[in-house]
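Listed below, chain by chain, are the residues.
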Amino acid sequence: MKRIGISQRRDDVPNRNETRDSLDVIWSSLLWRLNIIPIPLCSEIQDHLSYLAALNLDGFILSGGNDIGESPKRDHLENSILDYSKAKNLPVLGVCRGMQYINFYQGGSLINIGGHVATQHSKLVGGWVSQNSINYVNSFHNYAVTDQTIGEQLEPLAHTEDGVVEALQHKHHPWLGIMWHPEREPYQTSNDRLIQQHFKV
Ligand SMILES: NC(=O)CC[C@H](N)C(=O)O
């Protein structure tokens, strides 16, 4: 089985005096069902290169959650994951914030948008959308990538009708970014296929 590392959200929990790495449990059941062993990654370990080398994983998911800049330790870990994946030619799937992070890593930026929280898009534009039988996607984000803010070496694969980039890929590395959350649609065939194809399961 493929062993895929997945980054987690990092949150302060003041009433417990704790800082937590956490992941929606739906991710573990989704990935296990797809024959993937999910390995949650710890943002507090600072020796990233030794940590990632010791794990010896088959690829990575950058999950959703915190805004970029909100949690520097999470940002740094994800930066190291992309450095490591580039050096080892490993597949990366960026989900929502994860796609935003790939874009940031490649020198792109984000715009603040409205109308993309707790909604769906059923009319995505782009040949890749029909090839992958994507009929609708969910949406839970305040920031977006556009054709004007997309990073270097990235190409858009899908847009919403209002011009937001909903999916992108790296031109040279096996990196895919999607703005929707497959874990929130755990039985959507198009997502299952995308994830399994991407990680060659
Ligand atoms: N769901 C997410 O990953 C959200 C990412 C980021 N916090 C945004 O609002 O755009």
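Per an unreviewed UniProt entry, the protein carries the name Glutamine amidotransferase and comes from Thiosulfativibrio zosterae.

On a plain count of helices and strands, the protein comes out with 6 helices and 13 strands. Each principal axis of the C-alpha atoms in the protein carries an extent, and together these give about 40 × 35 × 30 Å. When the 201 residues of the protein are sorted by exposure, 51% land in the buried category. Within the protein, counting contacts between residues at least 6 apart in sequence, those at least 24 apart form 66% of the total. Accessible area of the protein: about 9,500 Å², with a carbon and sulfur share of 47%.

So, on to the sheet that holds strand β6 (residues 92–95). Spatial ordering of the open sheet is given by β4-β1-β5-β6-β13-β12-β11, a layout of 7 strands whose pairing is mixed. The open sheet has two edge strands with one neighbour each: β4 (36–40) and β11 (154–159). Pairwise comparison of adjacent strand axes, ignoring direction, gives a mean angle of 20 degrees for this sheet. One ladder, built from 3 bridges, connects strand β1 (residues 2–6) with strand β5 (residues 59–62); its direction is parallel. Pairing of I4 across the sheet is with G59, part of β5. Sitting on the sheet, helix α1 (residues 26–33) is in contact with β1, β4, β5 and β6, with an inclination near 150 degrees to β4.

The next subject is unusual backbone geometry. With a phi close to 70 degrees, N35 is a non-glycine residue in the positive phi region. Position of N35 among the secondary structure elements: in the loop between α1 and β4. Overall, N35 belongs to the partly exposed group, its relative accessible area being 43%. With phi around 55 degrees, C96 is a residue other than glycine that occupies positive phi space. The buried category is assigned to C96, whose relative accessible area is 4%.

Looking now at the site of the ligand. Around the ligand, the structure places G64, G65, N66, D67, C96, R97, Q100, F140, H141, N142, Y143 and H181. Q100 is positioned with one of its side-chain polar atoms (N or O) 2.8 Å from an oxygen atom of the ligand. At a separation of 2.8 Å, a nitrogen atom of the ligand approaches a polar backbone atom of F140. With the chains in place, 92% of the 300 Å² that the ligand exposes on its own is no longer accessible. By residue class, the composition of the shell around the ligand is 3 nonpolar, 7 polar and 2 charged.

What follows is about α1. Taken together, the buried positions of α1 are occupied by W27, L30 and L31. One side of α1 carries all its buried residues, which in axial view fall inside an arc of 90 degrees. Check the buried side of α1 and you find it contacts β1, β4, β5, β6 and α6 (189–198). One or two steps after α1, the chain reaches N35, where phi turns positive at roughly 70 degrees.

The rules behind the values
- Residues numbered from 1 in each chain as written.
- Predicted model: local features only at pLDDT ≥ 70, side-chain atom pairs only at ≥ 80, totals over all residues.
- Heavy atoms only, no water.
- Helix = DSSP H or I, 4+ residues; strand = E, 2+ residues; numbered from the N terminus.
- Buried < 20%, exposed > 50% of the residue type's maximum accessible area, 1.4 Å probe, protein only.
- Contact = heavy atoms within 4.5 Å.
- Areas by Shrake-Rupley, 256 points an atom, 1.4 Å probe, with all protein chains shown as cover.
- Pairing = 2+ DSSP bridges.
- Axes fitted to C-alpha atoms, helices over the stretch in contact; angles between N-to-C directions.
- Near = heavy atom within 4 Å.
- Polar contact = N/O pair within 3.5 Å; in protein donor to acceptor, adjacent residues only side chain to side chain.
- Nonpolar A, V, L, I, M, F, W, Y, C, P; charged D, E, K, R; others polar.
- Arc of directions from axis to C-beta.

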